[in-house]
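Residues per chain are reported as follows:
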Amino acid sequence: MNSNAATPKKHTVVIVGGGAAGISVAASLHRRDHSLDLAVIEPASVHHYQPGWTLVGGGVFREEITARPMSTVMPDFVQWYRQAVQALDPDQHRVQLSDGRWLAYDILVLAPGLELNWGAIDGLEATLGQNGVTSNYQQGLARYTWDLVQQLRQGRALFSQPPMPIKCAGAPQKAMYLSCDHWRRQGVLGNIDVQFHNAGAVLFGVAAYVPALEAYVRRYGIDLNFQSNLVAVNGPARTATFRHTDAEGNSQDREVTFDLLHAVPPQRAPAFIRTSTLANGDGWLDLEDDTLRHRRYANVFGLGDVSGTGNAKTAAAVRKQAPVVAENLIATLRNQPLRAAYLGYGSCPLTVERGRIVLAEFGYGGTLQPTFPKWINDGTQATRAAWWLKAKQLPTLYWHGMLKGHEWLARPARRG
């Protein structure tokens with residue numbers, strides 16, 4: 001063992017990840033206790049507002065407003081390690097950086113996000129960003145989505161959704177609805193065969209929101225294909241292969257030609273989580289549903305897309321999770337009971353047309369958790385109020401509220 005491993009630098013709290021989850025929880029911790037010694041491990045030089053990429057792909061936002069230099073977002077009260085994580089050693093309370101150094105901690109917070117597994121779809125990586133193949137999930141490609149949508153006047157447009165879990169589970173549909181709305185406004189929708197291929201068996205996992213979405217499916221004439229999973233793409237030939245599984249579990253591959261393909265890849269936890277003792281059987285971070293503390297390591301917490309909890313993987317979930325982690329982490333440092341509880345809140349603003357959104361808000365088990373009274377916003381219907389919130393208010397609240405530790409409508413529930 002080298003000297004760096006034998007005597008690693010130590011911080012009270014080490015946070016892995018400088019995305020929405022990592023920065024938010026750092027800010028929430030600092031607001032509660034200015035004396036905390038906090039470190040953040042994040043190799044990226046740019047911080048992305050990923051919820052905005054759907055609107056870039058729909059011609060609503062410019063791509064530039066969804067990104068800022070990481071140096072302008074990273075708090076000055078943390079020590080920033082501009083590296084990736086190579087390995088975790090929770091038994092020795094330490095994290096290894098990509099340069100081989102180890103960092104020790106009293107408490108570890110894991111918020112590294114998830115990994116887009118492009119390689120799981122044969123041929124997709126080689127053609128992504130060309131040959132009419134795009135994805136709003138890939139940084140920099142939402143603008144290409146919008147270019148393709150504007151250029152298409154007739155032909156076939158395919159939109160895919162992989163098996164769950166994925167981040168922002170409504171995003172594959174959002175891209176489709178915004179595209180259809182543009183084609184409708186241009187008077188060419190009738191010339192385009194729009195198909196939605198969903199590896200799942202339902203349009204949306206919470207039944208209360210399905211009728212409003214089905215109304216737009218009918219309005220746009222979308223051909224729904226359930227249990228139809230994208231498994232291969234041939235960009236030059238403009239063909240996509242979908243594996244359709246019937247109710248008895250029998251599968252059959254079908255090849256479909258396209259002029260536009262919006263592809264969404266399967267998603268998984270980063271390798272250093274999947275291969276560690278911190279992962280559950282599916283490779284996600286094994287956390288208690290309510291406290292967000294690890295089920296086996298009492299000094300490890302987690303939040304965001306890496307979590308193995310049963311909530312939707314959205315930025316709105318992070319907004320509710322960060323205060324829970326902050327309160328319970330400080331309670332752990334003080335040897336106090338964990339009182340804060342996360343009830344699984346997630347929000348999915350389903351952008352069904354330019355100017356209207358179905359604002360799905362729900363928790364564990366699909367329980368509806370609306371933020372606003374029904375007379376302000378009926379979340380089971382497409383409303384202009386939800387569009388105003390998504391397009392006009394949420395970016396500002398993200399950059400200047402959530403990332404600064406302002407916990408707007410995010411007070412934790414109490415355990416017991």
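These notes cover the structure that comes with them. Fair warning: this is a prediction, and the values are worked out from it, not measured in the lab.

**Focus: the overall build of the chain**
Line of reasoning, step 1. Helix and strand content of the chain: 11 helices and 24 strands.
Line of reasoning, step 2. Taking 22 Å as the expected radius of gyration for a compact globule of 416 residues, we find that the chain reaches 22 Å, a close match to that expectation.
Line of reasoning, step 3. When the backbone C-alpha atoms are referred to their principal axes, the chain occupies close to 65 × 50 × 45 Å.
Line of reasoning, step 4. Taking all 416 residues of the chain together, the buried fraction comes to 56%.
Line of reasoning, step 5. Counting contacts in the chain only where the partners sit at least 6 residues apart, residues at least 24 apart contribute 66% of the total.
Line of reasoning, step 6. Approximately 17300 Å² of the chain is accessible, and the part contributed by carbon and sulfur atoms is 47%.
Line of reasoning, step 7. The average position of the 41 basic charges and that of the 34 acidic charges among the side chains of the chain differ by 7 Å.

**Focus: the pairing of strand β2 (residues 38–41)**
The side chains of a regular strand alternate, residue by residue, between the two faces of the sheet.
Line of reasoning, step 1. Along β2, one buried face is formed by Leu-38 and Val-40 and the opposite face, lined by Ala-39 and Ile-41, is buried too.
Line of reasoning, step 2. Bridge count for strand β1 (residues 9–16) against β2 is four bridges, and the pairing is parallel. Its bridge partner being in β2, Ile-15 is matched across the sheet by Val-40.
Line of reasoning, step 3. Handedness of the β1-helix α2 (residues 20–32)-β2 crossover: right-handed.
Line of reasoning, step 4. Sheet topology note: the β2/strand β5 (residues 78–81) ladder contains four bridges and is parallel. Across the sheet, Val-40 pairs through a bridge with Trp-80, a residue of β5.

**A short note on the pattern of salt bridges**
Line of reasoning, step 1. Overall, the coordinates contain 22 salt bridges when judged by the stated rule.
Line of reasoning, step 2. Among the ionic pairs, Arg-219 bridges to Glu-353, the shortest N-O distance being 3.1 Å. Linking Arg-219 in helix α8 (residues 210–220) with Glu-353 in strand β21 (residues 346–353), this pair joins segments that are 134 residues apart in sequence.
Line of reasoning, step 3. Since its relative accessible area comes to 39%, Arg-219 is described here as partly exposed.

**Observations regarding the packing of helix α6 (residues 142–151) against helix α7 (residues 171–186)**
When two helices pack together, their arrangement is given by the angle between their axes and by how far apart the axes lie.
Line of reasoning, step 1. Contact pair α6 / α7: the axes reach a minimum separation of 10 Å and the direction vectors enclose 30 degrees. In this structure, the crossing between α6 and α7 has a hand that is right-handed. Contact residues: Trp-146, Val-149 and Gln-150 in α6; Ser-179, His-182 and Trp-183 in α7.
Line of reasoning, step 2. For the contact of α6 with α7, the residue count by class is three nonpolar, three polar and no charged.

**Observations regarding the nonpolar core**
Line of reasoning, step 1. Core analysis: the largest hydrophobic core is formed by 44 residues, its most contacted members being Ile-41, Leu-88, Leu-108, Leu-110, Leu-124, Val-233 and Leu-261.
Line of reasoning, step 2. Listing elements by their share of this core, those giving two or more residues are β1, β2, β6 (85–89), β7 (94–97), β8 (102–110), β14 (228–234), β15 (239–245) and α9 (271–274).
Line of reasoning, step 3. Element by element, the count of residues in this core is highest for β8, at four residues.
Line of reasoning, step 4. Ignoring any residue separated from it by four or fewer positions in sequence, one finds Leu-110 in contact with Val-16, Leu-88, Ile-273, Leu-278, Leu-285, Val-300, Phe-301, Gly-302, Leu-303 and Val-306.
Line of reasoning, step 5. Counting 41 residues, the second largest nonpolar core, distinct from the first, contains Ile-23, Ala-317, Ile-330 and Met-402.

**Comments concerning the state of the cysteines**
Line of reasoning, step 1. As enumerated under the stated definition, the model contains zero disulfides in all.
Line of reasoning, step 2. Of the cysteine sulfurs around Cys-348, a residue in no disulfide, the closest is that of Cys-168, at 4.7 Å.
Line of reasoning, step 3. For Cys-348, a relative accessible area of 4% gives the class buried.

**Some words on the packing of aromatic side chains**
Line of reasoning, step 1. Summed over the entire model, instances satisfying the criterion amount to nine aromatic pairs.
Line of reasoning, step 2. When the ring of Tyr-49 is compared with that of Tyr-398, the centres are 4.8 Å apart and the planes differ by 50 degrees; the resulting orientation is tilted. Here Tyr-49 is found in the loop between β3 (46–48) and α3 (53–57), whereas its partner Tyr-398 is found in helix α11 (residues 384–400), with 349 residues between them in sequence.
Line of reasoning, step 3. Residue Tyr-49 is classed as buried on the basis of its relative accessible area, which comes to 4%.

**Re the side chain of Asp-89**
Line of reasoning, step 1. In this structure, Asp-89 sits in strand β6.
Line of reasoning, step 2. Asp-89 gets classed as buried once you look at its relative accessible area, which sits at 16%.
Line of reasoning, step 3. Reaching out from Asp-89, the side chain makes a polar contact with the side chain of Arg-94 at a distance of 2.8 Å.
Line of reasoning, step 4. Those residues in contact with Asp-89 that lie beyond four places of it in its chain are Arg-94, Trp-102 and Tyr-105.

What counts, and at which threshold
- Residues numbered from 1 in each chain as written.
- Predicted model: local features only at pLDDT ≥ 70, side-chain atom pairs only at ≥ 80, totals over all residues.
- Heavy atoms only, no water.
- Helix = DSSP H or I, 4+ residues; strand = E, 2+ residues; numbered from the N terminus.
- Rg over C-alpha atoms; globule rule 2.2 N^0.38 Å.
- Buried < 20%, exposed > 50% of the residue type's maximum accessible area, 1.4 Å probe, protein only.
- Contact = heavy atoms within 4.5 Å.
- Areas by Shrake-Rupley, 256 points an atom, 1.4 Å probe, with all protein chains shown as cover.
- Lys, Arg positive; Asp, Glu negative; His and termini not counted.
- Charge placed at Lys NZ, Arg CZ, Asp CG, Glu CD.
- Pairing = 2+ DSSP bridges.
- Right-handed = clockwise from strand over helix to strand, strands pointing away.
- Salt bridge = Lys/Arg side-chain N within 4 Å of Asp/Glu carboxyl O.
- Axes fitted to C-alpha atoms, helices over the stretch in contact; angles between N-to-C directions.
- Left-handed = near helix turned anticlockwise from the far one by under 90°.
- Nonpolar A, V, L, I, M, F, W, Y, C, P; charged D, E, K, R; others polar.
- Core = buried A, V, L, I, M, F, W, Y, C linked by side-chain atoms within 4.5 Å.
- Disulfide = S-S within 2.5 Å.
- Phe/Tyr/Trp six-rings, centres within 6.5 Å; stacked < 30°, edge-to-face > 60°.
- Polar contact = N/O pair within 3.5 Å; in protein donor to acceptor, adjacent residues only side chain to side chain.

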